[in-house]
Each structure stands twice: as C-alpha cells, then as structure tokens.
Amino acid sequence: MPKKVAAAPKKKEKTLTIALGADPLGAVLKNAVKKHLESEGYKVIDYGTDCAENFVTYFGISAKTAKAVQKGIADKGIVFCGTGMGVGITANKFKGIYCGLVESEFTAGECKVINNCNMLAMGSRGISEARACMAVDNWLNKKFNEGIPEQFVKIVADALVEIAKIEDKNFK
C-alpha cells in the first residue's frame, strides 16, 4: 500500500485587510510592500498605481484609500508618494483616519503604540523597500499602549480622546 504524502501546510491568512494606494512616485515602494504583505497572508486591496507611466494624483489616490479605511472596507491603509507628506496630509482630512508619516521601523511602531494610527504614509525617497516592509511589520505587530510606562498609559489614552474631540469640533 502506498504511503500517504502530507500536503504542504498552507500559509494562514491574516484577518486584516489592508488598503494600499500610491501615486507614480510611490508605485515601486507600494508594489514591494504589497508583495510582502501578500506573502505574509494579509488580504490587500490595491487602489493603484502600479507604475510611473500610469498617472494618478497623490491626493486622489490617498483619498480613495482613506475612504476605504473610513468606511470599513479595509481595516488599515498605507499610502505612498515621493515624500509621504502629500498622501499623509490628504488621508488625515478624513474623520477617523489617523495617518502617520514614517521613515523607519521605530516610527512605524510608535505610530501604533502612542497614536493608534490606522494608516501609514511613506515616501519612496525617504525609505528603502526593505525598511518599508520592516516598518509595516512593526506597525502591524504592535498594540496601542504596548510597552508604555504605567504612568503614561492614561495620558496617552486621554490624549486620543481629546484629539477625537478636536476632530469632532473641526470636521464639518
């Protein structure tokens, strides 16, 4: 009787859906992060663009990505341009979106730990593909208030409540 051959284990799919968007300057970095996220089992929604020749505006693509997070189509979002600044500013114009500009693994983790960011902005001129992937991993694997000294936990949590009040007052 022939021996049964065990099937190769399937990579477990992660439960988070991550929306990505890039303008032409951020396309290569977005593509690298997308490949990395998919290899880790995350569901990715790609709002484009894939190359420098396929023109979209940074503000248009960032708005589309932020809306997906805002409406719950995606759990988190990452936007890319040349510096990360334009896409980050645009994303932060949406109520409930907290997008941090990151250029390192450390700042990406702190975006989650201190500010509970639900989006990241990255610039292809400020971070390499390898560091961008490590930064995304750090952000995804951290928890809000993780590792914060006990005396600061309430301060950080209260700050987010106060920021939400400012948002409610000023977003019309």
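To be clear, the structure that these remarks concern was listed above.
Scope of this entry: the structure provided in the associated data block. (Residues numbered from 1 in each chain as written. Predicted model: local features only at pLDDT ≥ 70, side-chain atom pairs only at ≥ 80, totals over all residues. Heavy atoms only, no water.)

## Observations concerning the overall build of the chain
Looking only at helices and strands, the chain features six helices and five strands. A principal-axis box enclosing the C-alpha atoms of the chain has dimensions of 75 × 45 × 30 Å. Within the chain, contacts between residues at least 6 apart in sequence are counted, and of these 70% link residues at least 24 apart. Accessible surface, the chain: about 9900 Å² in total, of which carbon and sulfur atoms supply 59%. Positive and negative charge centroids in the chain, built from 25 and 19 side chains respectively, lie 5 Å apart. (Helix = DSSP H or I, 4+ residues; strand = E, 2+ residues; numbered from the N terminus. Contact = heavy atoms within 4.5 Å. Areas by Shrake-Rupley, 256 points an atom, 1.4 Å probe, with all protein chains shown as cover. Lys, Arg positive; Asp, Glu negative; His and termini not counted. Charge placed at Lys NZ, Arg CZ, Asp CG, Glu CD.)

## Here's the deal with the packing of helix α4 (residues 105-113) against helix α5 (residues 129-141)
Viewed as axis vectors pointing N to C, α4 and α5 meet at an angle of 25°, and their least axial separation amounts to 8 Å. Regarding the angle of α4 to α5, the classification is roughly parallel. Of the two possible hands of crossing, α4 and α5 adopt the one that is right-handed. Touching E105, F106, A108, G109, C111 and K112 of α4 are R131, M134, A135, N138 and W139, all from α5. (Axes fitted to C-alpha atoms, helices over the stretch in contact; angles between N-to-C directions. Parallel < 35°, antiparallel > 145°, perpendicular 65-115°, else oblique. Left-handed = near helix turned anticlockwise from the far one by under 90°.)

## A closer look at the side chain of S104
Structurally, the position occupied by S104 is in the loop between β4 (99-101) and α4. Looking at S104, the relative accessible area reads 15%, which means it is buried. At a separation of 3.4 Å, a polar atom in the side chain of S104 contacts the main-chain amide nitrogen of F106. (Buried < 20%, exposed > 50% of the residue type's maximum accessible area, 1.4 Å probe, protein only. Polar contact = N/O pair within 3.5 Å; in protein donor to acceptor, adjacent residues only side chain to side chain.)

## Re the sheet that holds strand β3 (residues 76-81)
What the five strands build is an open sheet, ordered β2-β1-β3-β5-β4; its pairing is parallel. Unpaired on one side and paired on the other, β2 (43-46) and β4 mark the two borders of the sheet. Neighbour to neighbour, the strand axes of the sheet diverge by 20° on average, direction disregarded. In this sheet, strand β5 (residues 119-123) lies alongside β4 in parallel orientation, the contact comprising three bridges. Its bridge partner lying in β5, C99 is registered against M119. The sheet strands contacting helix α1 (residues 27-39) are β1 (17-22), β2, β3 and β5, and the helix crosses β1 at an angle near 165°. Lying on the sheet, α5 is in contact with β1, β3 and β5; it crosses β5 at an angle near 165°. (Pairing = 2+ DSSP bridges.)

## A short note on unusual backbone geometry
In the segment running from G48 into T49, the intervening peptide bond is cis, with an omega of -10°. Despite not being glycine, N116 has its phi angle at roughly 50°, a positive value. For N116, the location among the structural elements is in the loop between α4 and β5. Given the relative accessible area of 30%, N116 is considered partly exposed.

## A few points about the packing of α1 against α5
The contact between α1 and α5 brings their axes to 9 Å, and the two run at 50°. Here α5 runs oblique to α1, going by the angle between their axes. Relative to α5, the crossing made by α1 is right-handed. Contacts from V28, L29, A32, V33, H36 and L37 in α1 reach E129, A132, C133, V136, D137 and L140 in α5. Within the contact of α1 with α5, the residues separate by chemical class into nine nonpolar, one polar and two charged. (Nonpolar A, V, L, I, M, F, W, Y, C, P; charged D, E, K, R; others polar.)

Geometric values such as these leave the question of function open.
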